[in-house]
Amino acid sequence: DPMAEEIQILRLWRDRFLARSAVGRWFIRGYYAASPPLAEFIAHSEGRRAMARAFLKPVVMAIRLQLWLAPGGEEAPPET
């Protein structure tokens, strides 16, 4: 679901941190090149979707913490 809270957190991190550096922009370009075929591969298997969610959960939690701790960060502490 593109409106899921986790997606919003990842977009905020992309805009607030990644897009501000050359390395971050390189990562963004790579992500947008690789993600459509990867998403297609994951979409056809509930097991793959579950593995992707399990992999992304700690990533999103770490990003949420970084956003919260950054100057001008989010007002709410990260979810647990």
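Residues numbered from 1 in each chain as written. Predicted model: local features only at pLDDT ≥ 70, side-chain atom pairs only at ≥ 80, totals over all residues. Heavy atoms only, no water.

Asks: I keep staring at the overall build of the chain and nothing clicks. Help me out?
Replies: Secondary structure summary: the chain contains 3 helices and 0 strands in total. From first element to last, N terminus to C terminus, the chain shows the α and β order α-α-α. Burial analysis of the chain (80 residues in total) assigns 15% to the buried set. Taking the intrachain contacts of the chain between residues at least 6 apart in sequence as the baseline, contacts between residues at least 24 apart amount to 43%. Of the accessible surface of the chain, which amounts to about 6,100 Å², a share of 67% is contributed by carbon and sulfur atoms. (Helix = DSSP H or I, 4+ residues; strand = E, 2+ residues; numbered from the N terminus. Buried < 20%, exposed > 50% of the residue type's maximum accessible area, 1.4 Å probe, protein only. Contact = heavy atoms within 4.5 Å. Areas by Shrake-Rupley, 256 points an atom, 1.4 Å probe, with all protein chains shown as cover.)

Asks: Can you walk me through a nonpolar patch on the surface in this structure?
Replies: Side chains of Val23, Trp26, Phe27, Tyr31 and Tyr32 sit close together on the surface and give an oily, nonpolar patch of about 620 Å² of accessible area. Checked against the element boundaries, phenylalanine 27 lands in helix H2 (residues 22–43). Since its relative accessible area comes to 44%, phenylalanine 27 is described here as partly exposed. (Patch = residues over 30% accessible without salt bridge, like charges linked within 9 Å, V, L, I, M, F, W, Y side chains within 5 Å. Salt bridge = Lys/Arg side-chain N within 4 Å of Asp/Glu carboxyl O.)

Asks: Explain the packing of helix H1 (residues 5–16) against helix H3 (residues 46–69) here, please?
Replies: Think of two packed helices as two axes; the pair is described by the angle between the axes and how far apart they sit. Orientation of H1 relative to H3, taken along the N-to-C sense of each, is 50°, at an axis distance of 10 Å. Accordingly, the angle class assigned to the pair H1 and H3 is oblique. Both H1 and H3 take part in a crossing whose hand is left-handed. On H3, the residues touching Glu5, Glu6, Ile9, Leu10, Leu12, Trp13 and Arg16 of H1 are Val60, Ile63, Arg64, Gln66 and Leu67. (Axes fitted to C-alpha atoms, helices over the stretch in contact; angles between N-to-C directions. Parallel < 35°, antiparallel > 145°, perpendicular 65-115°, else oblique. Left-handed = near helix turned anticlockwise from the far one by under 90°.)

Asks: Would you explain the nonpolar core in this entry?
Replies: Ranked by size, the top nonpolar core spans 7 residues in total: Ile9, Trp13, Leu18, Ile28, Val60, Ile63 and Leu67. Only H1 and H3 provide two or more residues apiece to this core. The element that contributes the greatest number of residues to this core is H3, accounting for 3 residues. (Core = buried A, V, L, I, M, F, W, Y, C linked by side-chain atoms within 4.5 Å.)

Asks: I'm lost on the pattern of salt bridges in this one. Help?
Replies: Working definition: two side chains of opposite charge can pair if their charged atoms are close together. On inspection of all chains with the given rule, the structure shows 4 salt bridges. A salt bridge links arginine 14 to aspartate 15, with the shortest nitrogen-to-oxygen separation between them at 2.8 Å. Connected via shared salt-bridge partners are Glu46, Arg49 and Arg53.

Asks: Explanation requested: the packing of H2 against H3 in the structure shown.
Replies: Taken N-terminus to C-terminus, the directions of H2 and H3 make an angle of 125°; their axes are 7 Å apart at the nearest point. Taken together, the axis directions place H2 and H3 in an arrangement best described as oblique. Contacts between H2 and H3 involve Phe41, Ile42 and Ala43 from the first element and Arg48, Arg49 and Ala52 from the second. When its residues are assigned to classes, the contact of H2 with H3 shows 4 nonpolar, no polar and 2 charged. (Nonpolar A, V, L, I, M, F, W, Y, C, P; charged D, E, K, R; others polar.)

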